[in-house]
Amino acid sequence: MTTNQEFVQLLATRHPFHDLEAIDAGQLSDDEVGTIPRWWIDAQTSSNPVDVALRAWENALPGQLPRITRIIRDAAPAIRLCRATLSEGGRTAMVLAYIFGKANPSYFQVAYGLAPLPQNEIPLFTAGIDHGLRTFYTTVQNGFFNEDPIGLMPAQDMPRISNFGEAADFEYVGQSRDPVNNELRFVEIVKSELPDIDQLVGVCRDASDNAVALDTRDDTGRVWEMWHGGLERVDKTLWEAIDEWVTRLFGIDDNQ
């Protein structure tokens, strides 16, 4: 059995912040209480914090992220309130940590979410933002990422794909089924269907800056994946892509 002190020591050494301190609900200041949803406190004090967390996820994203939510349910992670000192300017922020135990009790997989953002602080997104994404970021938590940090990024860290190069620097491909053997093959995207890379926002990333990107030009929910100088148009919803990427990146894939 892992003790509370072991959790505290783990979170003090493995995290993506300048500093991180695990705290109890009673240590929150009045200002801090005002920045987090009530369910964060309920999860900290409940006898079944995972149920509290998953109800919040399901209310925001009904039926979405089945792999991630199944892993959270089955792994029953410890859920801890934390106070983080961010690297920019020494500002403090509230964090929720999900601590996943592994077969080896000395190793853990930890995921973090910053406090939800007020509606008027959601950056980068235009009218084309996926409604579920906005709901998740404003009612559940700001991202779901590990210590590297990789995963579903905090909204303020989501880059425009144009940050990585000019439009002409990318190769644009899609997938098509071969009519003869039914195999998937890559096909070049015609010019009229090319994205505006300044309107592609990287939502989920890995350690090599590969990313799931959402086209924010309209409400189609078009998703692209960026791979080492190429942009691939994928036939997935945003949440299908995030569900696959996060389980793979965290090394907690359920092999489905």
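Data block above holds the structure.
This is a predicted model, so every value here is computed, not measured.

Attention shifts here to the pattern of salt bridges. Counted under the stated rule, the structure contains ten salt bridges. The partner of R38 in a salt bridge is D42, and the shortest N-O contact between them spans 3.0 Å. In this pair, R38 and D42 are both assigned in helix α3 (residues 38–45), four residues apart and thus about one turn of the helix distant. For D42, a relative accessible area of 29% gives the class partly exposed. Of the charged contacts in the structure, one is a salt bridge between R205 and D209, with a shortest N-O distance of 3.0 Å. The network of salt bridges with common partners includes E21, E32 and R83.

The next subject is the packing of aromatic side chains. Considering all chains together, one arrives at twelve aromatic pairs under this definition. With a centroid separation of 5.8 Å and an interplanar angle of 85°, the aromatic rings of F17 and Y112 are classed as edge-to-face. Taken as a pair, F17 in the loop between α1 (4–13) and β1 (19–22) and Y112 in strand β4 (residues 108–114) lie far apart in primary sequence, 95 residues in all. In this structure, F17 and Y112 share a single accessibility class: buried. With a centroid separation of 5.1 Å and an interplanar angle of 40°, the aromatic rings of W227 and W245 are classed as tilted. Remark: W245 occurs in helix α7 (residues 238–249) and W227 occurs in strand β11 (residues 223–227); sequence separation between them is 18 residues. Positioned above the aromatic ring of W245 is the side chain of R248, whose terminal nitrogen or guanidinium carbon lies 5.0 Å from the ring centre.

A separate point is the nonpolar core. W39, W57, Y98, F144 and I242 are the most contacted members of the largest nonpolar core, which has 54 residues in total. Discounting residues that sit within four places of it in the chain, F144 has contacts with W57, I68, I72, Y98, F100, A111, Y112, I150, G151, L152, V246 and F250. Within the second largest apolar cluster, 18 residues are counted, among which are L10, L11, L86 and F145.

Thresholds, definitions, all that
Residues numbered from 1 in each chain as written. Predicted model: local features only at pLDDT ≥ 70, side-chain atom pairs only at ≥ 80, totals over all residues. Heavy atoms only, no water. Salt bridge = Lys/Arg side-chain N within 4 Å of Asp/Glu carboxyl O. Helix = DSSP H or I, 4+ residues; strand = E, 2+ residues; numbered from the N terminus. Buried < 20%, exposed > 50% of the residue type's maximum accessible area, 1.4 Å probe, protein only. Phe/Tyr/Trp six-rings, centres within 6.5 Å; stacked < 30°, edge-to-face > 60°. Lys NZ or Arg CZ within 6 Å of the ring centre and 35° of its normal. Core = buried A, V, L, I, M, F, W, Y, C linked by side-chain atoms within 4.5 Å. Contact = heavy atoms within 4.5 Å.

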